[in-house]
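Residue-level structural notes
Spelled out, the chains give:
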Amino acid sequence: TRSTRPQRMLKAVQKNAIRGNPESVISAIDYFCKHSEWAMNVGDEKGCILDSVVTEVDPSTVLELGTYCGYSTVRIARLLSPGTKFITVEFNPASAEVARKIIAYAGLQDKVTLVEGASGDLIPQIKKLYGITTFDFIFLDHWKDRYLPDIKLFEEYGLLGKGSVLLADNVICPGTPEYLEYVRNSPRYESRYYPSHLEYTKVEDGLEKSLFLG
Ligand SMILES: O=C(NCCc1nnc(-c2ccc3[nH]cnc3c2)[nH]1)c1cc(-c2ccc(F)cc2)cc(O)c1O
Ligand SMILES: [Mg+2]
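A few points on the structure. (Residues numbered from 1 in each chain as written. Chains lettered and ligands numbered in written order. Predicted model: local features only at pLDDT ≥ 70, side-chain atom pairs only at ≥ 80, totals over all residues. Heavy atoms only, no water.)

1. Some remarks on the site of ligand 1
Residues in close proximity to ligand 1 total 21 residues, the closest being Glu90, Ser119, Asp141, Asn170 and Glu199. The backbone of Ser119 places a nitrogen or oxygen atom 2.7 Å from a nitrogen atom of ligand 1. Separating an oxygen atom of ligand 1 from a side-chain N or O atom of Asn170 is a distance of 2.7 Å. Judged by the proximity of its atoms to the pocket grid, ligand 1 belongs to the largest pocket. Elements with a contribution of two residues or more to the shell around ligand 1: β2 (85–90) and α9 (171–175). A per-class count over the shell around ligand 1 returns 10 nonpolar, 5 polar and 6 charged. (Near = heavy atom within 4 Å. Polar contact = N/O pair within 3.5 Å; in protein donor to acceptor, adjacent residues only side chain to side chain. 1 Å grid on protein atoms, 1.4 Å probe; cavity = no way out; pocket = protein on both sides within 12 Å on 5 of 7 lines; lining within 4 Å. Sits in = over half its atoms within 2 Å of the grid points. Helix = DSSP H or I, 4+ residues; strand = E, 2+ residues; numbered from the N terminus. Nonpolar A, V, L, I, M, F, W, Y, C, P; charged D, E, K, R; others polar.)

2. Considering the sheet that holds strand β7 (residues 204–212)
Sheet strands pair by backbone hydrogen bonding; their relative direction is either parallel or antiparallel. Reading across the sheet, the 7 strands line up as β3-β2-β1-β4-β5-β7-β6 and stay open at both edges, with mixed pairing between neighbours. If you trace the sheet from one side to the other, it starts and ends with β3 (113–116) and β6 (189–197), each paired once. This sheet shows a mean twist of 15 degrees between the axes of neighbouring strands, independent of strand direction. Where strand β1 (residues 61–65) meets strand β4 (residues 135–140), 4 bridges bridge the pair, whose relative direction is parallel. Residue pairing in the sheet places Glu64 in a bridge with Phe139 of β4. Along the sheet face, helix α3 (residues 43–57) touches β4, β5 (160–168), β6 and β7 and points at about 150 degrees away from the line of β6. (Pairing = 2+ DSSP bridges. Axes fitted to C-alpha atoms, helices over the stretch in contact; angles between N-to-C directions. Contact = heavy atoms within 4.5 Å.)

3. Structural notes on the nonpolar core
In this structure, Met9, Ile29, Ile76, Ile102 and Phe137 are the most contacted members of the largest nonpolar core, which totals 43 residues. Looking at this core, the elements with two or more residues in it are α1 (5–16), α2 (22–35), α3, α4 (71–77), α5 (93–105), β4 and β5. Each residue touching Ile102, except ones within four places of it in the same chain, is listed here: Met9, Leu10, Val13, Val25, Ile29, Cys69 and Val74. Judged by nonpolar contacts, the second largest core, of 27 residues, contains Leu122, Ile138, Val171 and Leu180. (Core = buried A, V, L, I, M, F, W, Y, C linked by side-chain atoms within 4.5 Å. Buried < 20%, exposed > 50% of the residue type's maximum accessible area, 1.4 Å probe, protein only.)

4. Describing empty space enclosed by the protein
Under the criterion given, the structure shown has 1 cavity of 30 Å³ or more. Within this model, the largest cavity holds a volume of roughly 30 Å³. Lining the largest cavity, in full, are Met40, Asn41, Val42, Gly66, Thr67, Tyr68, Cys69, Gly70, Tyr71, Ser72 and Asp141. When its residues are assigned to classes, the lining of the largest cavity shows 5 nonpolar, 5 polar and 1 charged. (Points joined across faces, edges and corners; volume = space filled by probe spheres on them.)

5. Thoughts on the environment of Leu148
Relative to the assigned elements, Leu148 resides in helix α8 (residues 147–156). Separated by 30 residues in the primary sequence, Leu148 and Ala118 place their C-alpha atoms 14 Å from one another. For Leu148, the contacting residues outside a window of four places in its chain are Glu178, Tyr179 and Tyr182.

6. Brief notes about the layout of surface pockets
In this structure, the largest pocket encloses a volume near 480 Å³. Mapped onto the lining of the largest pocket, the elements with two or more residues apiece are β2 and α6 (119–122).

7. Observations regarding the environment of Tyr193
Positionally, Tyr193 belongs in strand β6. On the basis of relative accessibility, which here comes to 24%, the residue Tyr193 falls in the partly exposed class. Apart from residues lying up to four places away in sequence, Tyr193 is in contact with Val171, Ile172, Arg184, Glu204, Asp205, Gly206, Leu207 and Glu208. Within polar-contact distance, the side chain of Tyr193 engages the backbone oxygen of Asp205 at 3.2 Å.

Written out as structure tokens, the structure is:
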């Protein structure tokens with residue numbers, strides 16, 4: 001049967017990247033997406049903004065919602081200090097399988113716990129399952145209509161502490177209007193928009209960084 005786009009992306013990584021070299025994995029995926037097939041990775045332009053926020057926060061605990069093929073997982077994991085707890089959640093088993101292989105190819109498998117499932121089911125169990133009290137950094141890149149319900153779950157289950165940083169992808173395209181309205185109007189967050197473009201295109205998109213004030 002015909003291969004899937006994630007499987008073709010994995011082949012491109014195995015062919016063009018150097019095992020154990022996260023930078024080469026990132027470059028191989030970006031090359032594939034620019035010259036072969038567009039795919040919904042955060043990409044190089046927004047990826048640089050992601051890198052700068054992760055570096056600034058230097059988190060001890062990280063949650064990513066929306067692993068997809070593991071591109072942003074590799075971008076984040078390569079910047080983390082030893083001993084950081086990093087959980088990434090993927091809903092689609094086929095994507096998760098490709099992501100595991102791409103993360104392992106980059107040599108970062110020991111830094112990441114990839115969980116398959118729905119964010120709404122997992123978030124209430126994270127404390128119990130992974131012994132995490134609060135997340136220092138959360139990257140939202142999953143289904144766009146889950147951003148708002150999930151940030152409310154973070155609040156409800158006490159997963160945010162004073163200074164926790166949430167970074168949301170695609171707030172313009174495909175767009176997360178209800179989430180934006182919430183974080184920009186809530187007194188509990190300080191929000192800032194980072195203008196950019198939809199990965200590998202000239203279409204407007206951007207990242208919203210929200211600091212939880214406690
Ligand atoms: O849908 C996206 N990303 C979501 C993947 C995912 N990977 N895992 C999940 C998950 C994980 C746990 C979940 N729990 C509940 N829903 C869940 C969904 N979602 C997405 C789409 C686009 C896009 C833009 C323009 C277009 F013309 C077409 C597409 C661009 C992007 O940057 C994206 O991130
Ligand atoms: Mg995205």
